[in-house]
Amino acid sequence: MKSIFGKRENETFQQYRERSINSISKSFCGAKWYNATIWLGNGTTASCHHPPAHKIPLDEVAKSYKALHNTTYKKAIRKEMLDGVRPKECEYCWKIEDLGDDKVSDRVYKSVIYSDEELIEAKEKFGAGLDVDLKTLEIAFDANCNFGCSYCNASFSTTWQKDVKQFGPYQNLVSDGAGAFQHDGGHAMPYGRKNEGNPYVEAFWKWWESELQYTLRELRVTGGEPSMSPDFWKLMDWWKANPDCKVPFAVNSNLGQKKKLLDALIESSKSFKDFSIYTSNEATGIQAEYIRYGLDWDVWLNNMHRVNSEGNIKSVNVMMTINALCLFSITDFMDEMLILKDKYSQQAAVMSFNILRFPSFQSIVTLPEDIRLERADHIEKWLEKNWKGGREGLLDMERDGIVRMIDYIRRIESGHRHTSSKESRERDWKSFYSQYDKRRKKDFLKAFPMLKEWWDSIPETNIEQLKSVIDGDDAKSNRYVDEVLKKAKDEGWVLNPQWANPGAQDYIEPDNQQQDDMIDLVEQLNANSDDKHVGGAAGKKLL
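Now for a look at the structure at hand. (Residues numbered from 1 in each chain as written. Predicted model: local features only at pLDDT ≥ 70, side-chain atom pairs only at ≥ 80, totals over all residues. Heavy atoms only, no water.)

### Observations concerning the pairing of strand β9 (residues 350–355)
Here β9 lies mainly inside the structure; five of its six residues are buried. Pairing geometry for strand β8 (residues 315–322) and β9, over six bridges, is parallel. Residue pairing in the sheet places Met320 in a bridge with Phe353 of β9. Each parallel crossover has a hand, and for β8 linked through helix α14 (residues 330–343) to β9 it is right-handed. (Buried < 20%, exposed > 50% of the residue type's maximum accessible area, 1.4 Å probe, protein only. Helix = DSSP H or I, 4+ residues; strand = E, 2+ residues; numbered from the N terminus. Pairing = 2+ DSSP bridges. Right-handed = clockwise from strand over helix to strand, strands pointing away.)

Okay, here's the thing in structure tokens:
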């Protein structure tokens, strides 16, 4: 399938925005119609990674599998966009755009992958009320993950679930980000470790078999860590049996799994016509290992070379989560990415700069102003040295991302609409990382000695201790859903009741055993494949 890119040759992203997007509406974004992230494990969805997730009503899914994407709530947000209203859930982009007309927000990058004609169809053919066929889709089957990154939580990582179940909720947190570290993820996998009887997974497979395998422009699988998911390997096995499928495929992998699983992932890439990897990192050495618990920097960097040299990989994309701690080795990290680009191609390490807003105490905005400004100047000097008109391997989009990041570091004072006070965030900074060190056997000041003076100046927080975990279902606390649905109802929309979470079932902690189980599953799938080819040529094995 040929990808579509709406920006004309020699047209800037700012010019594209005015011509193609703002001509429809100054709050329009193509992702709200044509893109979705769907967490199948617990039945939630969002149009991209910036807005909070919301529940997918089960009664809507029972009527049509397309309700996995076309929820009543999402249709109400589409109406706001067509009316020129800025949806509150999309405030990430509005913050960027309010920095000035020259600043390009993600709604541009998420719309430019669709043609001008498709964007016009979103308004004139589908409007706000009709179901839309997805063109790009990201799914997560479950939350199985061998990493426990500092800014993640038990909703998305079983390593985080183990942390909270073993040590209890994080204490003495007072800012808006506190709740993320005070639940054990009991809501995250309500259909158990193997997703048995999960109606969302069943709906996906129905949609995939009937339409999506023919119409999607890209399918991406995220997690958790997908290589620890049984459903992921079943999808790999489906593709092995259907190598003529033309849908471009991508997987979000932390590239820190056991060698046999990475071997199987590399082998799987050879069944695809178009296979890309998305991975995440934004720092080097001890600092990267501190931010992303479970990561071994040397292993990760070696695996970046492996997937580029051994796999049938179209591009390797590095999703950088720009948090406060990464600023102290981010230029060293970008140097390593330029080395990869130079050795393989520009597509060997395509960087994206995704600014962290939740939890706000880990955001750039929590750092002291003098440190922020010094870091912005340092990164700006790196860009001046390395840009060279793109001749050193940097893409225009990467340069734009770095420029936007520098401006954000210098100018933005609050991460999101509900950001707590700076004092609250600083207190949570010290409270959280002190507990993180004890639980994970880390040492904050060893990894970040340049922050000692500021660290020592932050007072200790001692409040009444939590005696149990809280309900961590983020979709229940989505501040925008009730408001938007009330507005839709007042305007005469026909609404269906939202699904109530059926509650968590008993969950078995996977740890390393989950990776071993997946290795066994891959071997079983290989054996089944061989049985199907008795008397004929067998397909390539994943291991």
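### Here's the deal with helix α4 (residues 72–82)
Buried residues dominate α4, accounting for nine of its 11 residues. Residues of α4 that are buried: Thr72, Tyr73, Lys74, Lys75, Ala76, Ile77, Arg78, Glu80 and Met81. Gly84, located one to two residues past α4, shows a positive phi value of around 80°.

### Focus on a nonpolar patch on the surface
A contiguous nonpolar patch, built from Phe5, Ile113 and Met397 and spanning about 260 Å² of accessible area, is present on the exposed surface. Secondary-structure assignment places Phe5 in the segment before α1 (13–21). (Patch = residues over 30% accessible without salt bridge, like charges linked within 9 Å, V, L, I, M, F, W, Y side chains within 5 Å. Areas by Shrake-Rupley, 256 points an atom, 1.4 Å probe, with all protein chains shown as cover. Salt bridge = Lys/Arg side-chain N within 4 Å of Asp/Glu carboxyl O.)

### Quick look at the pairing of strand β4 (residues 136–140)
Taking burial as the measure, the five residues of β4 include five buried ones, the bulk of the element. Residues Thr136, Glu138 and Ala140 line one face of β4 and the alternating positions Leu137 and Ile139 line the opposite face, and both faces are buried. In terms of strand pairing, strand β1 (residues 35–39) meets β4 through five bridges, oriented parallel. Following the sheet pairing, Ile38 is matched in β4 by Ile139. Note: β4 against strand β5 (residues 218–222), five bridges, orientation parallel. Counted as the bridge partner of Ala140 is Thr222 from β5.

### Let's talk about the sheet that holds strand β3 (residues 54–55)
What the nine strands build is an open sheet, ordered β3-β2-β1-β4-β5-β6-β7-β8-β9; its pairing is mixed. Edge positions in the open sheet fall to β3 and β9, since each of these has one partner strand only. Pairing between strand β6 (residues 249–252) and strand β7 (residues 275–280): four bridges, direction parallel. Opposite Ala250, over in β7, you have Ser276 as the bridge partner.

### Section: the environment of Val112
Of note, Val112 is situated in the loop between α6 (106–109) and α7 (116–126). Through-space distance from the C-alpha of Val112 to that of Phe13 is 8.7 Å; in sequence the pair is 99 residues apart.

### Notes on the nonpolar core
Ranked by size, the top nonpolar core spans 142 residues in total, and within it Phe249 and Trp429 carry the most contacts. If one sorts the elements of this core by residue count, helix α9 (residues 199–215) sits on top with seven residues. If we skip the residues at most four places from it in the chain, Trp429 touches Ala324, Leu325, Phe361, Gln362, Thr366, Leu367, Phe444, Leu451, Trp454, Trp455 and Ile458. (Core = buried A, V, L, I, M, F, W, Y, C linked by side-chain atoms within 4.5 Å. Contact = heavy atoms within 4.5 Å.)

### Observations concerning α1
Considered for burial, the residues of α1 that qualify are Phe13, Tyr16, Arg17, Ser20 and Ile21. Projected down its long axis, α1 shows its buried positions confined to an angular sector of 105°, all on one face. Elements that come into contact with the buried residues of α1 comprise α6, α7 and α16 (396–411). (Arc of directions from axis to C-beta.)

### Brief notes about the side chain of Ser157
Along the chain, Ser157 falls in the loop between β4 and α8 (158–167). Within the structure, Ser157 has its side chain in polar contact with the backbone nitrogen of Thr159 (distance 3.2 Å). Beyond its immediate sequence surroundings of up to four residues, Ser157 is in contact with Ala143, Cys145, Phe147, Gly148 and Cys152. (Polar contact = N/O pair within 3.5 Å; in protein donor to acceptor, adjacent residues only side chain to side chain.)

### Quick look at the pattern of salt bridges
When charged atoms on two side chains of opposite charge get close, those side chains can pair. If you walk through the whole model with that rule in mind, you get 37 salt bridges. Note that Lys75 is salt-bridged to Asp131, the shortest N-O span being 2.9 Å. On the criterion of sequence distance, the pair formed by Lys75 in helix α4 and Asp131 in the loop between α7 and β4 is long-range, its members being 56 residues apart. On the accessibility criterion, Asp131 (34% relative accessible area) is partly exposed. In this structure, the salt-bridge partner of Arg107 is Glu97, at a minimum N-O distance of 2.5 Å. Here Glu97 lies in helix α5 (residues 91–97) and Arg107 lies in helix α6, a separation of 10 residues in the sequence. For the residue pair Arg107 and Glu97, the accessibility class agrees, reading buried in each case. The network of salt bridges with shared partners includes Asp102, Lys103, Asp407 and Arg411.

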